[in-house]
2 protein chains.
Amino acid sequence: MTPPARSNEVSGSAADGPRTPALSVIERARRGGRTSDKVFEQLMEAIRGLRLLPGQPLSETELARELGVSRTPVREAIARLADAGLVDVVPQVGTTVSVIRLAEVEEARFIRESLEVAALKDAVPLSAADAAGLREVIERQRKALDAGDLEGFFGLDEALHERIFTLSGHRGAWTTVQRTKVHLDRMRRLVLPDRALIAEVIAEHDGIVDALESGDVATAERRVRAHAGRVPHLKGELQRDFPGYFA
Amino acid sequence: MTPPARSNEVSGSAADGPRTPALSVIERARRGGRTSDKVFEQLMEAIRGLRLLPGQPLSETELARELGVSRTPVREAIARLADAGLVDVVPQVGTTVSVIRLAEVEEARFIRESLEVAALKDAVPLSAADAAGLREVIERQRKALDAGDLEGFFGLDEALHERIFTLSGHRGAWTTVQRTKVHLDRMRRLVLPDRALIAEVIAEHDGIVDALESGDVATAERRVRAHAGRVPHLKGELQRDFPGYFA
DNA sequence: CGCGGAATACTTGTATGCAAGTATCCACCC
DNA sequence: GGGTGGATACTTGCATACAAGTATTCCGCG
């Protein structure tokens, strides 16, 4: 396993030269909010999107330089990320992007599956309008797949499941699910190039909405459980194809 | 509603004079770990234990002075607390302990109930030894109640439910539950003086273990749901008795 | 007495400097 | 050549100083 060398590269146009007079930071802060939050979100998105790879070492100093800010907001962001389990900080040694811990993946699967099953029971019966809304998201997923827009597919997948939670009246639970499934999401990214699998996923979505629409709770539950377990089931294969990414 | 005036009082022996030569901090750090973590845990425990009241204003400066540290670790701790929804930070205005948001209480109830029901299905059948272990915890709860040790009762309650999760093989899910139910925990603290209610809770625990031991999943599920919904059901009464604590 | 405005005293956000510890690398010795 | 020791270059943790903004308070005025 070759350590990817310390080159963080968070933002697409990173390393925008040494010219970042800190005033632009203040400007950004005025309009957009706290720089600390921005750094947090950037890092979060970079990790979830595998632009920062599992196990990759991070450096507060270098990160601060690349983003054109001081170490302080970077440190706060990293502290929050560490709390969420996305980075591992070893005092006086270094910080690394956390590897994908299979234990947490399994935990996320259990939580996601349990909560989604519990939610769908409060979502049925589904109104015709709501069902149509879900169908439309699935249709857009299909188009994204055809266009090769895997990123778009991913976002729509999130949107679909969030929508189901919202319809059940437990939208808040989706926030919790999202927080716990970061490791699982990274695993999903790894299997993303598999177009055949994506097609299957879309078919499963259709099947779930079918069951919800017809009010068949038992079938919906069975299909949701199968759906939630699909990616975690590939752990063996993925661990073989991506050594060093897992723990 | 009278704002409790800015006197944080986190540690029991707070305000230990202006004599805290910062070296003691380093000493503490050497043995105990990062001061940032200590501050985080102290604040966390203070909020959960209602020593810091809902809505109470906090001041980074004052907090740092009382704890004998600088603002930096306090800020990191507060950032993490804000992420967990325990404090509300308004830039350039102030920080307050978050009020008990009933929406989050309801969300926590849903999550706790759903996950515990899902877990118990993987916990049965319960071995005799495991059942005895749970019984022993309940017995200690009874003793704590008799001794008037409400704090001890609280800890044992946590221990019992954690144990059930552990027996189900989903101990990791307990961590998530604990993170989401902070608001709910504060509500439980408010009803803590009600000895009759506590006795009922203990009886419910007995009933749940009974059902688990006999392998009666349906009954166990029904009892767990009733148990999880007990405190949230008191929201109206509590909101009346403690105005200003809720939102 | 009521109202307006400016100075003031707070707040959090950011940048920077220093301290302490660890891993690495290179020279030196056996 | 192999092993050992020390200097060095990193790392993160903490403290402090400064910046920017907001709420308050108090004084002056009508």
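An unreviewed UniProt entry annotates chain A as GntR family transcriptional regulator originating from Jiangella rhizosphaerae.

1. Describing the protein's contact with DNA strand C
With respect to spatial proximity, 25 residues lie near DNA strand C, and among them Arg-34, Thr-35, Ser-70 and Thr-72 of chain A together with Arg-75 of chain B are the closest. Counting only atoms of DNA strand C within 4 Å of the protein, the sugar-phosphate share comes to 65%. In the environment of DNA strand C, a phosphate oxygen lies 2.8 Å from a nitrogen or oxygen atom belonging to the backbone of Ser-70 of chain A. Within the backbone of Leu-58 of chain B, one N or O atom sits 3.5 Å away from a phosphate oxygen of DNA strand C. Sorting the residues of the surface near DNA strand C by element identifies helix 2 (35–48) and helix 4 (71–84) of chain A together with helix 3 (60–67), helix 4 (71–83) and strand 3 (94–97) of chain B as the ones contributing at least two each. Broken down by element, the residue count for the surface near DNA strand C peaks at three residues, all from helix 4 of chain A. Counted by class, the surface near DNA strand C contains eight nonpolar, ten polar and seven charged residues.

2. Some thoughts on the protein's contact with DNA strand D
Around DNA strand D, a shell composed of 26 residues is seen, among which Arg-75 of chain A together with Arg-34, Thr-35, Ser-70 and Thr-72 of chain B lie nearest. When atoms of DNA strand D within 4 Å of the protein are sorted by moiety, sugar and phosphate together comprise 70%. Between a base oxygen of DNA strand D and a side-chain N or O atom of Gln-92 of chain A, the distance comes to 3.5 Å. One of the backbone N or O atoms of Ser-70 of chain B is found 2.8 Å from a phosphate oxygen in DNA strand D. For the surface near DNA strand D, the element with the highest residue contribution is helix 4 of chain B, accounting for three residues. Of the residues in the surface near DNA strand D, the class split is nine nonpolar, ten polar and seven charged.

3. Things to note about the sheet that holds strand 2 (residues 87–90) of chain B
All names here are of chain B. Strand order in the open sheet formed by three strands is 1-3-2, and the pairing between neighbours is antiparallel. Whereas interior strands pair on both sides, the edge strands pair on one side only; in this sheet they are strand 1 (57–58) and strand 2. Alignment of strand 2 against strand 3, held across four bridges, turns out to be antiparallel. For Val-87, the partnering residue across the bridge sits in strand 3 and is Val-97. The sheet strands contacting helix 4 are strand 2 and strand 3, and the helix crosses strand 2 at an angle near 110°.

4. Quick look at the layout of surface pockets
Approximately 1000 Å³ is the volume found for the largest pocket. Together, 34 residues line the largest pocket, and Asp-83 and Arg-179 of chain A together with Asp-83, Ala-84 and Arg-179 of chain B are the ones closest to its centre. Among the elements of the structure, helix 2, helix 4 and helix 8 (171–180) of chain A together with helix 2 (35–48), helix 4, helix 5 (102–123), helix 8 (171–180) and helix 9 (182–191) of chain B are those that each provide at least two residues to the lining of the largest pocket. Its residues assigned to classes, the lining of the largest pocket shows ten nonpolar, eight polar and 16 charged.

So, how was this worked out
- Residues numbered from 1 in each chain as written.
- Chains lettered and ligands numbered in written order.
- Predicted model: local features only at pLDDT ≥ 70, side-chain atom pairs only at ≥ 80, totals over all residues.
- Heavy atoms only, no water.
- Near = heavy atom within 4 Å.
- Polar contact = N/O pair within 3.5 Å; in protein donor to acceptor, adjacent residues only side chain to side chain.
- Helix = DSSP H or I, 4+ residues; strand = E, 2+ residues; numbered from the N terminus.
- Nonpolar A, V, L, I, M, F, W, Y, C, P; charged D, E, K, R; others polar.
- Pairing = 2+ DSSP bridges.
- Contact = heavy atoms within 4.5 Å.
- Axes fitted to C-alpha atoms, helices over the stretch in contact; angles between N-to-C directions.
- 1 Å grid on protein atoms, 1.4 Å probe; cavity = no way out; pocket = protein on both sides within 12 Å on 5 of 7 lines; lining within 4 Å.
- Points joined across faces, edges and corners; volume = space filled by probe spheres on them.

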